[in-house]
Amino acid sequence: MCNRELEALLGEQQERDSLLAEKAREFDERDRELREDIDRREKAERTLQDYRKELEEEFAERTAELRRSNERLRREISGRKQIEESLQESDLWMRGIFNAIEEAVIVFDDEECLVNMNPAAEALFGWTMEEKEGERIDFLLPSSEQYARCREEMADAFARGESLTRKVMLRRKNGSTFPAEHTSSLLANEDGETLGIVCVVRDLSERERLDRIRTVVANISEAALEVDSLNDLLEHIHEQIGTLLDARNFFVSLYDRGEKNYTLPYIVDQYDQDFPERADLTGSMTDYVRRTGRPVLADEKDIEELEEKGEVRLVGTPFHHWMSVPLRTREGVIGVVVVQTYDENFNYSPDHFELMIRVSEQIGIAVERKHAEHKLRVSEARNRALLDAVPDLMFVLDADGIFLDYNAPSEDLLFLPPDQFLGRRTRDVLPEEFASMTMRHIEATLSTGEMQVYEYPMQIKDREMWFEARMVPASEREVLSIIRDITVQKTAEKEREDLEAQMQHAQKLESLGVLAGGIAHDFNNLLVGILGNVNLAQKRMVPESPSLELLGKIETAAMRAADLTKQLLAYSGKGAFVIEQIDLSKIIEEMTHLLKVSISKNCVLRYDFGQNVPPIEADPTQIRQVIMNLITNASEAIGERSGLITIRTGVISVSRDYLRGAYVDHELAEGYYAYLEISDTGSGMDAETRERMFDPFYPTKFTGRGLAGFIQKPYQLKDLLAAVDSILSDGTVSEADSPGRNGG
């Protein structure tokens, strides 16, 4: 092969090698790119797988959410259907309620044009919805001025976010007006946009009519309590009925069951002005209403029909329209109230008739009350006259002893003024003992239901009075105590008892005087012999003889015995007392030796003579006898024990209370008295002995001893009073007082 061919081959080989190298480089490049592309694809696949996973998760999540949304939507659609159904049902309910409401409801749009009203509004105003739909609100108001005022008031209320309630006069289709109350409220949507106005209208005609009736009834009831006479009450009733209807012709007729005729205590009539107060209305319309007990609203034709049937007869001037209602009370129909008119152009309406029926009930009660008040006043006057004629006290007390009421012919008989015991308990106003006694009788009266009768003394204004009480039940918890002043009877009874006692005492003293006279004569004869022998013995004794002193004592004792004989003769009426002024202290001093030997050796005599004791007027012999008897009694009361006997004189101021407790046979004046007091520490006296210690036939000692010999005739000791204070086992204090003669 030639070189050129070789070179050509070599060149071709080189070109092929170069081309192969180029191809190899391209292959490597392509391989690298492919590898890069594979890496990218793997990376993309991984990314795609991640995205696909995320997408699947998102899809699943979106699918679940969509499923939930679909469920919500399904429920929402179902709910909306229910809401729509509820709205439809609610609308039906609202329309039903709107139509069924008894009050008138009217709805206007935002331009105040009518859009709806319920049947109650149609009935109230007389227009139908079709007649007035689209018309402005002012067709309901009687004047433009009222419409303007109403618009202004509603605007102010709506601006404040409030509804408006006002009373107005509204107009009906027939042109009449009536009082009403309207409540207007603004209708708006959620955005606050005004949609219209709703008005609720209430007819006040019936309410005002009822208010007028109630006012009339209340005024009649008030007048029944305040007005004194029946005529004034009926005149007031006439005025009140005149505010409700035409009552220019009005009368009230009352039926007298006893006389079987009618009285007309009140009548006002255009024609029958001289109608008699008592009339025979038998068969009249008035009598017809009273007999049937039914109210009647009649015109001339109705009356003619009743006349033709013979059920009524016409009495008085013929009328055009007549309305009558019976007056009923608990006792039945007592009369009739009538209004009538002679005007042919006027008729009473059913409303007027109903008004009269309602008012008549109160008229009957008021008339009955006035009759009852009249009877009560007559009864009270009669009872007051009876009470004033009864000279007894009367008290009403309840079960707790509270004074509820009283009647007294004279307040001088009352223990306290009325304002100090009315409404208060007995224990708060009466002495404890008397309050307890009163409560015992109240309990006995209420528990047994029987009358309790008892007597008691009471100090009324410094005077002791006696009362007799008769207590009877007044109710389940109240008693009536009728108390009579029996002071005069008690005083007369005491005087009679005192007189009987004095007569008995006088009879006893007379018997005693007869006995004493006989004893005195015999004893005086003995004393004459004793004194005569003493005188003979004294004459035969020489002056130095010690027996002369003993004979002198015998003579003194015999002379004292002679004085006693004179007393006995005085008691028997055959002698006389010697009243003279004596000094109490001095006469006691003279008796010292005699007193000393007259008492027990265990007794001690103590003397307490007062200073400036004025002399008293008395029989010295009696005073000595009193002192001797008291000293002897005191000694014997002490007995074998040691004791003290005190003799005291002085001056004492004597009050009325002191005089009441003293033993006196006649009344003595208050003032200063000379007193003789003898006290001892002996055994004392019991109550029975104290009661009878001045009784000459009740001696507690042996014959001739003790206090039974004390003051047999105390009136002989001029103005003498005696007081004794003695408690059993606690000694005795005896006191004799007599007015002093030196200014005492």
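Everything below is about the structure printed above this text.
This one's a predicted model, so the numbers in the text were calculated from it and none came from an experiment.

1. Points about unusual backbone geometry
Of note in the backbone geometry, Glu112 takes a positive phi value of approximately 65° without being a glycine. By secondary structure assignment, the location of Glu112 is in the loop between β1 (104–109) and β2 (114–117).

2. A closer look at the sheet that holds strand β3 (residues 164–171)
Ordered by their spatial adjacency, five strands build an open sheet running β2-β1-β5-β4-β3, and the pairing between neighbours is antiparallel. Among the strands making up the open sheet, the edge pair consists of β2 and β3. Ignoring which end each strand starts from, the neighbouring axes of this sheet average 30° apart. Looking at chain direction, β1 and β2 are connected through three bridges and run antiparallel. Paired with Phe108 across the strands is Leu114, a residue of β2.

3. Some thoughts on the packing of aromatic side chains
Tallied over the entire structure, the rule returns 15 aromatic pairs. A ring pair is formed by Tyr454 and Tyr456, whose centres lie 6.0 Å apart and whose planes are at 35°; its orientation type is tilted. The exposure class of Tyr454 is buried, given its relative accessible area of 9%. Under the relative-accessibility criterion, Tyr456 is labelled buried at 5%. Between Tyr607 and Phe609, the aromatic rings sit 5.7 Å apart at their centres with planes inclined by 35°, giving tilted as the arrangement.

4. Some thoughts on empty space enclosed by the protein
For the structure on display, the rule yields five cavities of 30 Å³ or more. Looking at the largest cavity, it is lined by 23 residues, and the ones nearest its centre are Phe395, Phe403, Leu430, Phe434 and Ile483. Sorting the residues of the lining of the largest cavity by element identifies β12 (393–398), α10 (426–429), α11 (432–448), β14 (452–460), β15 (463–473) and β16 (478–485) as the ones contributing at least two each. No other element matches β14, which puts four residues into the lining of the largest cavity.

5. Overview of a negative patch on the surface
On the surface, a cluster of negative charge is made up of Glu300, Asp302, Glu304, Glu305, Glu307, Glu308, Asp343 and Glu344. Tracing the backbone through its elements, the reader meets Asp302 in helix α8 (residues 300–308). Judged by relative accessible area, which is 30%, Asp302 ranks as partly exposed.

6. Things to note about the pairing of β3
As paired strands, β3 and strand β4 (residues 177–188) are joined by eight bridges and run antiparallel to one another. Paired with Leu170 across the bridge in β4 is Phe178. Counted between consecutive antiparallel strands, the loop separating β3 from β4 contains five residues, among which Gly175 sits at a positive phi close to 95°.

7. Considering helix α7 (residues 285–292)
Judged by how many residues are buried, α7 sits mostly within the fold: six of eight residues are covered. Within the span of α7, buried status applies to Met285, Thr286, Asp287, Tyr288, Val289 and Arg290.

How each quantity is defined
Residues numbered from 1 in each chain as written. Predicted model: local features only at pLDDT ≥ 70, side-chain atom pairs only at ≥ 80, totals over all residues. Heavy atoms only, no water. Helix = DSSP H or I, 4+ residues; strand = E, 2+ residues; numbered from the N terminus. Pairing = 2+ DSSP bridges. Axes fitted to C-alpha atoms, helices over the stretch in contact; angles between N-to-C directions. Phe/Tyr/Trp six-rings, centres within 6.5 Å; stacked < 30°, edge-to-face > 60°. Buried < 20%, exposed > 50% of the residue type's maximum accessible area, 1.4 Å probe, protein only. 1 Å grid on protein atoms, 1.4 Å probe; cavity = no way out; pocket = protein on both sides within 12 Å on 5 of 7 lines; lining within 4 Å. Points joined across faces, edges and corners; volume = space filled by probe spheres on them. Patch = residues over 30% accessible without salt bridge, like charges linked within 9 Å, V, L, I, M, F, W, Y side chains within 5 Å. Areas by Shrake-Rupley, 256 points an atom, 1.4 Å probe, with all protein chains shown as cover. Salt bridge = Lys/Arg side-chain N within 4 Å of Asp/Glu carboxyl O. Lys, Arg positive; Asp, Glu negative; His and termini not counted. Charge placed at Lys NZ, Arg CZ, Asp CG, Glu CD.

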